[in-house]
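If you want the building blocks of each chain, they are given just below.
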Amino acid sequence: MKITTVGIDLAKNLFQIHGVDERGKAVLRKQLRRAQVAVFFGNLPPCVIGMEACASAHYWGRTLSPLRTYGASDGFEFVKPYVKTNKNDAADAEAICEAVGRANMRFVPIKNVEQQAILSVHRVRQGFVKARTRRRIRSADCSVNLGWSFLKASAT
(Lines give C-alpha, C1' and ligand atoms only; values in the text may rest on other atoms or scores of the structure.)
Protein backbone atom coordinates (compact mmCIF):
# COMPACT_ATOMS: atom_id res chain seq x y z
CA MET A 1 0.00 0.00 0.00
CA LYS A 2 2.24 2.82 -1.27
CA ILE A 3 0.22 6.03 -1.48
CA THR A 4 1.36 8.21 -4.38
CA THR A 5 -1.34 10.92 -4.56
CA VAL A 6 -3.55 12.40 -1.86
CA GLY A 7 -6.48 14.79 -2.28
CA ILE A 8 -7.58 16.97 0.63
CA ASP A 9 -10.91 18.75 0.90
CA LEU A 10 -10.15 21.73 3.14
CA ALA A 11 -12.69 22.91 5.70
CA LYS A 12 -12.79 24.72 9.04
CA ASN A 13 -12.45 21.74 11.36
CA LEU A 14 -12.88 18.42 9.53
CA PHE A 15 -10.68 17.61 6.54
CA GLN A 16 -11.54 14.76 4.19
CA ILE A 17 -8.53 12.82 2.84
CA HIS A 18 -8.51 10.54 -0.22
CA GLY A 19 -5.37 8.66 -1.28
CA VAL A 20 -4.56 6.43 -4.26
CA ASP A 21 -1.67 4.12 -5.13
CA GLU A 22 0.40 4.09 -8.34
CA ARG A 23 -2.35 2.16 -10.20
CA GLY A 24 -5.00 4.72 -9.22
CA LYS A 25 -6.77 2.43 -6.76
CA ALA A 26 -8.21 4.12 -3.67
CA VAL A 27 -6.28 2.95 -0.62
CA LEU A 28 -7.04 5.73 1.84
CA ARG A 29 -10.27 7.42 2.88
CA LYS A 30 -10.06 9.28 6.13
CA GLN A 31 -11.51 12.22 7.99
CA LEU A 32 -9.11 14.28 10.11
CA ARG A 33 -9.43 17.17 12.51
CA ARG A 34 -7.29 20.27 11.98
CA ALA A 35 -4.78 19.31 14.69
CA GLN A 36 -4.30 15.81 13.23
CA VAL A 37 -3.38 16.86 9.66
CA ALA A 38 0.30 17.76 10.18
CA VAL A 39 0.90 14.66 12.31
CA PHE A 40 -0.81 12.39 9.76
CA PHE A 41 1.22 13.69 6.80
CA GLY A 42 4.40 13.62 8.87
CA ASN A 43 3.99 9.84 9.17
CA LEU A 44 3.10 9.40 5.48
CA PRO A 45 5.82 8.63 2.90
CA PRO A 46 6.51 11.38 0.29
CA CYS A 47 3.61 11.83 -2.10
CA VAL A 48 1.81 14.46 -4.17
CA ILE A 49 -0.82 16.39 -2.23
CA GLY A 50 -3.63 18.17 -4.04
CA MET A 51 -6.02 20.75 -2.65
CA GLU A 52 -8.23 23.48 -4.05
CA ALA A 53 -6.56 26.87 -4.40
CA CYS A 54 -7.56 29.25 -1.60
CA ALA A 55 -5.86 31.21 1.17
CA SER A 56 -5.84 28.23 3.51
CA ALA A 57 -4.41 25.99 0.75
CA HIS A 58 -1.30 28.17 0.71
CA TYR A 59 -1.04 27.87 4.50
CA TRP A 60 -1.37 24.09 4.38
CA GLY A 61 1.06 23.91 1.45
CA ARG A 62 3.65 25.78 3.51
CA THR A 63 2.93 23.60 6.54
CA LEU A 64 3.10 20.26 4.70
CA SER A 65 6.04 20.99 2.35
CA PRO A 66 8.75 20.58 5.04
CA LEU A 67 7.25 17.20 5.96
CA ARG A 68 8.72 15.53 2.83
CA THR A 69 5.54 16.02 0.81
CA TYR A 70 4.69 18.21 -2.14
CA GLY A 71 1.64 20.42 -2.01
CA ALA A 72 -0.07 21.23 -5.29
CA SER A 73 -3.25 23.23 -5.47
CA ASP A 74 -5.62 23.89 -8.32
CA GLY A 75 -8.83 25.86 -8.75
CA PHE A 76 -12.25 24.35 -8.13
CA GLU A 77 -13.36 25.05 -11.70
CA PHE A 78 -10.72 22.52 -12.84
CA VAL A 79 -11.76 19.94 -10.22
CA LYS A 80 -15.52 20.12 -10.77
CA PRO A 81 -15.57 17.86 -13.89
CA TYR A 82 -14.04 15.01 -11.83
CA VAL A 83 -16.80 14.92 -9.18
CA LYS A 84 -18.62 11.63 -9.79
CA THR A 85 -21.53 11.80 -7.34
CA ASN A 86 -23.38 14.36 -5.29
CA LYS A 87 -21.26 17.14 -3.86
CA ASN A 88 -19.94 16.24 -0.42
CA ASP A 89 -16.54 16.44 1.25
CA ALA A 90 -15.52 12.85 0.46
CA ALA A 91 -16.50 13.19 -3.22
CA ASP A 92 -14.62 16.50 -3.42
CA ALA A 93 -11.46 14.95 -1.95
CA GLU A 94 -11.68 12.10 -4.46
CA ALA A 95 -12.17 14.55 -7.35
CA ILE A 96 -9.18 16.62 -6.21
CA CYS A 97 -7.05 13.49 -6.05
CA GLU A 98 -8.16 12.53 -9.56
CA ALA A 99 -7.54 16.03 -10.95
CA VAL A 100 -4.04 16.29 -9.49
CA GLY A 101 -3.05 13.06 -11.24
CA ARG A 102 -3.89 14.47 -14.69
CA ALA A 103 -0.96 15.50 -16.88
CA ASN A 104 -2.59 18.63 -18.32
CA MET A 105 -3.80 20.06 -15.00
CA ARG A 106 -2.83 23.65 -14.13
CA PHE A 107 -1.36 24.24 -10.68
CA VAL A 108 -1.00 27.31 -8.53
CA PRO A 109 2.42 27.72 -6.88
CA ILE A 110 2.32 27.92 -3.08
CA LYS A 111 2.70 31.52 -1.95
CA ASN A 112 4.61 32.66 1.11
CA VAL A 113 3.10 34.97 3.76
CA GLU A 114 4.50 38.16 2.19
CA GLN A 115 3.07 37.30 -1.24
CA GLN A 116 -0.35 36.64 0.28
CA ALA A 117 -0.20 39.96 2.17
CA ILE A 118 0.55 41.89 -1.04
CA LEU A 119 -2.28 40.07 -2.85
CA SER A 120 -4.72 41.00 -0.07
CA VAL A 121 -3.71 44.68 -0.41
CA HIS A 122 -4.35 44.49 -4.16
CA ARG A 123 -7.76 42.86 -3.58
CA VAL A 124 -8.78 45.57 -1.09
CA ARG A 125 -7.69 48.29 -3.53
CA GLN A 126 -9.63 46.58 -6.33
CA GLY A 127 -12.73 46.60 -4.10
CA PHE A 128 -12.31 50.34 -3.40
CA VAL A 129 -11.96 51.11 -7.12
CA LYS A 130 -15.08 49.05 -7.88
CA ALA A 131 -17.09 50.82 -5.15
CA ARG A 132 -15.90 54.25 -6.36
CA THR A 133 -16.90 53.42 -9.95
CA ARG A 134 -20.30 52.21 -8.81
CA ARG A 135 -20.82 55.39 -6.78
CA ARG A 136 -19.91 57.59 -9.78
CA ILE A 137 -22.29 55.72 -12.07
CA ARG A 138 -25.08 56.03 -9.51
CA SER A 139 -24.49 59.76 -9.03
CA ALA A 140 -24.44 60.25 -12.82
CA ASP A 141 -27.77 58.40 -13.06
CA CYS A 142 -29.25 60.62 -10.35
CA SER A 143 -28.12 63.83 -12.07
CA VAL A 144 -29.54 62.66 -15.39
CA ASN A 145 -32.83 61.71 -13.75
CA LEU A 146 -33.01 65.04 -11.88
CA GLY A 147 -32.27 66.90 -15.11
CA TRP A 148 -35.10 65.17 -16.94
CA SER A 149 -37.56 65.78 -14.13
CA PHE A 150 -36.53 69.47 -14.03
CA LEU A 151 -37.08 69.77 -17.78
CA LYS A 152 -40.50 68.09 -17.53
CA ALA A 153 -41.58 70.35 -14.70
CA SER A 154 -40.51 73.54 -16.50
CA ALA A 155 -42.19 72.42 -19.75
CA THR A 156 -45.63 72.22 -18.13
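Relevant structure appears above.
## Considering the overall build of the chain
Turning to step 1, where the next piece is worked out: When helices and strands are counted, the chain shows five helices and five strands.
Turning to step 2, where the next piece is worked out: The secondary structure elements of the chain, listed N-terminal to C-terminal, are β-β-β-α-β-α-β-α-α-α.
Turning to step 3, where the next piece is worked out: For the chain, buried positions account for 30% of its 156 residues.
Turning to step 4, where the next piece is worked out: For the chain, the proportion of contacts with a sequence separation of at least 24, taken over those separated by at least 6, is 47%.
Turning to step 5, where the next piece is worked out: Surface summary for the chain: the accessible area is close to 10,400 Å², and the carbon and sulfur share equals 58%.

## Description of a positive patch on the surface
Turning to step 1, where the next piece is worked out: Together, Arg125, Lys130, Arg132, Arg134, Arg135, Arg136 and Arg138 make up a positively charged patch on the protein surface.
Turning to step 2, where the next piece is worked out: Here Arg132 lies in helix H5 (residues 113–155).

## Some remarks on the pairing of strand S5 (residues 70–74)
Turning to step 1, where the next piece is worked out: Of all five residues in S5, four are buried, a share of seventy percent or more.
Turning to step 2, where the next piece is worked out: Sheet topology places strand S4 (residues 48–52) next to S5; five bridges connect them, and they run parallel. Each bridged residue has a counterpart across the sheet, and for Met51 the counterpart in S5 is Ser73.

## Here we look at the pattern of salt bridges
Turning to step 1, where the next piece is worked out: Under the defined criterion, the tally for this structure stands at three salt bridges.
Turning to step 2, where the next piece is worked out: The residue Glu94 makes a salt bridge to Lys84 at a minimum N-O spacing of 3.4 Å. Taken together, the residues span a long stretch of sequence, with Glu94 in helix H4 (residues 89–100) and Lys84 in the loop between helix H3 (76–79) and H4 at a distance of 10 residues.
Turning to step 3, where the next piece is worked out: In this structure Lys84 comes out as exposed when scored by relative accessible area, which is 59%.

## Focus on helix H2 (residues 55–64)
The periodicity of an α-helix, 3.6 residues per turn, causes residues three or four positions apart to be oriented the same way.
Turning to step 1, where the next piece is worked out: Of all the positions in H2, only Ala57, His58, Trp60, Gly61 and Leu64 are classed as buried. Relative to the axis of H2, the buried residues are bounded by an arc of 165° and lie together on one face.

## Concerning the nonpolar core
Turning to step 1, where the next piece is worked out: Core analysis: the largest hydrophobic core is formed by 18 residues, its most contacted members being Val6, Ile8, Ile17 and Phe41.
Turning to step 2, where the next piece is worked out: When contributions to this core are tallied by element, the ones reaching two or more residues are strand S1 (5–9), strand S2 (14–20), strand S3 (26–33), helix H1 (34–43), S4 and H2.
Turning to step 3, where the next piece is worked out: Apart from the residues lying within four places of it in its own chain, the contact partners of Ile17 are Val6, Gly7, Ile8, Leu28, Arg29, Lys30, Leu32, Phe40, Phe41 and Ala93.
Turning to step 4, where the next piece is worked out: Membership of the second largest hydrophobic core comes to six residues, among which are Ile96, Ala99, Val100 and Met105.

## As for the side chain of Asp9
Turning to step 1, where the next piece is worked out: Looking at the element boundaries, Asp9 is found in strand S1.
Turning to step 2, where the next piece is worked out: Contact partners of Asp9, with chain neighbours within four places excluded, come to Leu14, Phe15, Gln16, Glu52, Asp89, Asp92, Ala93 and Ile96.

## Observations regarding the packing of aromatic side chains
Turning to step 1, where the next piece is worked out: In this structure the tally under the stated criterion is three aromatic pairs.
Turning to step 2, where the next piece is worked out: Relative to Phe41, the ring of Phe40 lies with its centre 5.2 Å away and its plane at 85°, an arrangement referred to as edge-to-face.
Turning to step 3, where the next piece is worked out: Look at Phe40 and you get buried, because its relative accessible area is 17%.
Turning to step 4, where the next piece is worked out: On the basis of relative accessible area, Phe41 is assigned to the buried category, the value being 0%.
Turning to step 5, where the next piece is worked out: Judged by centre distance (5.1 Å) and plane angle (75°), the ring pair of Tyr59 and Trp60 falls under edge-to-face.
Turning to step 6, where the next piece is worked out: The exposure class of Trp60 is buried, given its relative accessible area of 5%.
Turning to step 7, where the next piece is worked out: What links up through ring pairs into an aromatic cluster is the set Phe15, Tyr59 and Trp60.

Thresholds applied
Residues numbered from 1 in each chain as written. Predicted model: local features only at pLDDT ≥ 70, side-chain atom pairs only at ≥ 80, totals over all residues. Heavy atoms only, no water. Helix = DSSP H or I, 4+ residues; strand = E, 2+ residues; numbered from the N terminus. Buried < 20%, exposed > 50% of the residue type's maximum accessible area, 1.4 Å probe, protein only. Contact = heavy atoms within 4.5 Å. Areas by Shrake-Rupley, 256 points an atom, 1.4 Å probe, with all protein chains shown as cover. Patch = residues over 30% accessible without salt bridge, like charges linked within 9 Å, V, L, I, M, F, W, Y side chains within 5 Å. Salt bridge = Lys/Arg side-chain N within 4 Å of Asp/Glu carboxyl O. Lys, Arg positive; Asp, Glu negative; His and termini not counted. Charge placed at Lys NZ, Arg CZ, Asp CG, Glu CD. Pairing = 2+ DSSP bridges. Arc of directions from axis to C-beta. Core = buried A, V, L, I, M, F, W, Y, C linked by side-chain atoms within 4.5 Å. Phe/Tyr/Trp six-rings, centres within 6.5 Å; stacked < 30°, edge-to-face > 60°.

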